[in-house]
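Architecture at a glance
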Amino acid sequence: MKKIIAGNWKQNGKHKTSIQLVKNIITGTKKNKCKHEIIIFPPSIYLSSLQSIVNKSDVKIGAQNVSAFNDGAFTGEISSSMLKDTKIQYCLVGHSERRHVFNESPDMLFEKVIRLFENNIKVIYCIGETLEQFKNKKTKSILNAQVKKIFNKLKIKSTNIIIAYEPVWAIGTGLVPSDKDLIDAFKYIRNTINKFNPAYKSIKILYGGSVSPENANSLMKTPHMDGLLIGGASLNAKKFIDICSTI
Ligand code: PGA
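A brief structural summary.

As a further point, take the pairing of strand β2 (residues 37-41). Burial analysis of β2 places five of its five residues in the buried class, the great majority of the element. Of the two faces of β2, the one holding E37, I39 and F41 and the one holding I38 and I40 are both buried throughout. Across five bridges, the pairing between strand β1 (residues 4-8) and β2 is parallel. Bridge pairing links A6 to I39 in β2. With helix α1 (residues 15-31) bridging β1 and its parallel neighbour β2, the resulting β-α-β unit is right-handed. In the sheet, β2 pairs with strand β3 (residues 59-63) via three bridges, with the strands oriented parallel. When the sheet's bridge partners are listed, I38 is paired in β3 with V59. Where the polypeptide runs from β2 across helix α2 (residues 47-54) and back to β3, its parallel neighbour, the crossover connection is right-handed.

Moving on, we get to helix α5 (residues 106-118). Taking 1.5 Å as the rise per residue, α5 with 13 residues should run 18 Å; its terminal C-alpha atoms sit 19 Å apart, in good agreement. Within α5, burial applies to L109, F110, K112, V113, I114, R115 and L116. Buried residues in α5 make contact with α3 (80-85), β4 (90-93), α4 (96-100), β5 (122-127) and α7 (139-151). Remark: N120 follows α5 within two positions and exhibits a positive phi of approximately 60°.

A few words on the packing of aromatic side chains. As enumerated under the stated definition, the model contains five aromatic pairs in all. Their ring planes at 35° and their centres at 4.6 Å tell us that F134 and W169 sit as a pair that is tilted. Residue F134 is found in helix α6 (residues 131-135), and its partner W169 is found in the loop between β6 (161-165) and α8 (179-196); the two are separated by 35 residues along the sequence. F134 gets classed as partly exposed once you look at its relative accessible area, which sits at 27%. The class for W169 is buried, based on a relative accessible area of 10%. Here the aromatic cluster, defined as three or more aromatic residues joined through ring pairs, consists of F151, F196 and Y200. Taking NZ or CZ as reference, R98 lies 4.1 Å from the ring centre of F102, over its face. Over the ring of F110 we find K149; its NZ or CZ atom is 5.6 Å from the centre of that ring.

Moving on, we get to helix α10 (residues 237-246). Three or more residues of α10 are buried, namely A237, F240, I241, I243 and C244. For α10, the angular spread of buried residues about the axis comes to 155°, placing them on one side.

Let's shift gears to the environment of E97. Note on placement: E97 falls in helix α4. E97 sits in the partly exposed class, given a relative accessible area of 26%. Counting along the chain gives 87 residues from E97 to K10, while the straight-line C-alpha distance between them is 9.5 Å. The contacts of E97, once residues within four sequence positions are left out, are K10, F102 and I171.

In this section: the pattern of salt bridges. Counted according to the given criterion, the structure contains nine salt bridges. A salt bridge links E118 to R115, with the shortest nitrogen-to-oxygen separation between them at 3.0 Å. Here E118 pairs with R115, and both are found in helix α5, just three residues apart, close to one helical turn. Among the ionic pairs, D242 bridges to K238, the shortest N-O distance being 2.9 Å.

Conventions and cut-offs
Residues numbered from 1 in each chain as written. Predicted model: local features only at pLDDT ≥ 70, side-chain atom pairs only at ≥ 80, totals over all residues. Heavy atoms only, no water. Buried < 20%, exposed > 50% of the residue type's maximum accessible area, 1.4 Å probe, protein only. Helix = DSSP H or I, 4+ residues; strand = E, 2+ residues; numbered from the N terminus. Pairing = 2+ DSSP bridges. Right-handed = clockwise from strand over helix to strand, strands pointing away. Expected span 1.5 Å × (residues − 1). Contact = heavy atoms within 4.5 Å. Phe/Tyr/Trp six-rings, centres within 6.5 Å; stacked < 30°, edge-to-face > 60°. Lys NZ or Arg CZ within 6 Å of the ring centre and 35° of its normal. Arc of directions from axis to C-beta. Salt bridge = Lys/Arg side-chain N within 4 Å of Asp/Glu carboxyl O.

Pasting the structure below:
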């Protein structure tokens, strides 16, 4: 099965460097015969320009964020219909920085998911516990609540959603969960989703948090892990191409 390797550039890069980075990723992954699906999430101001560059390649472009509202008087926001108009096929929802730095509530994230589905944009729905929750052994109950928020009320086509498990404490810290904790978390997420509908077995689950060329291969041996969501290492063409080529 094809894995997904996603690169979240966050609020980094300039127009020129972003174009060069995406071009390097297209050439490098092609040269190394990368067999996985690659999705890059640049800052929104560069979406349409990068979308025109990846056009004929196997690399796809996604948005890091979307408005919870349809078009209208919402200064500073970008709607899902605008993403569709720009031919963007993927969008992140629920990334830890949106939840914890921008205080986006579960209800707001739910609205974003609906707006994206209305416009046929696939959702990468991020879930994960904070360090305190991890220490207090709350990981499973947090994951359960975050998954349920979306799956309880919505009938979802399996190909329209991807789950990304990103422990908040592993993002940008150099820390990754132990093998045992990862195995437990992935098994738990898989079972929780499957209970909603047997068809959900095919929904992909990614891991994110301090992924590097050094740990990507061993992380990917975790059962039920279908790919990676990479932050810091996706800003470096060589590191990102190495990860895409080694798993
Ligand atoms: P990181 O970020 O790879 O820099 O830890 C991951 C993410 O935020 O998606």
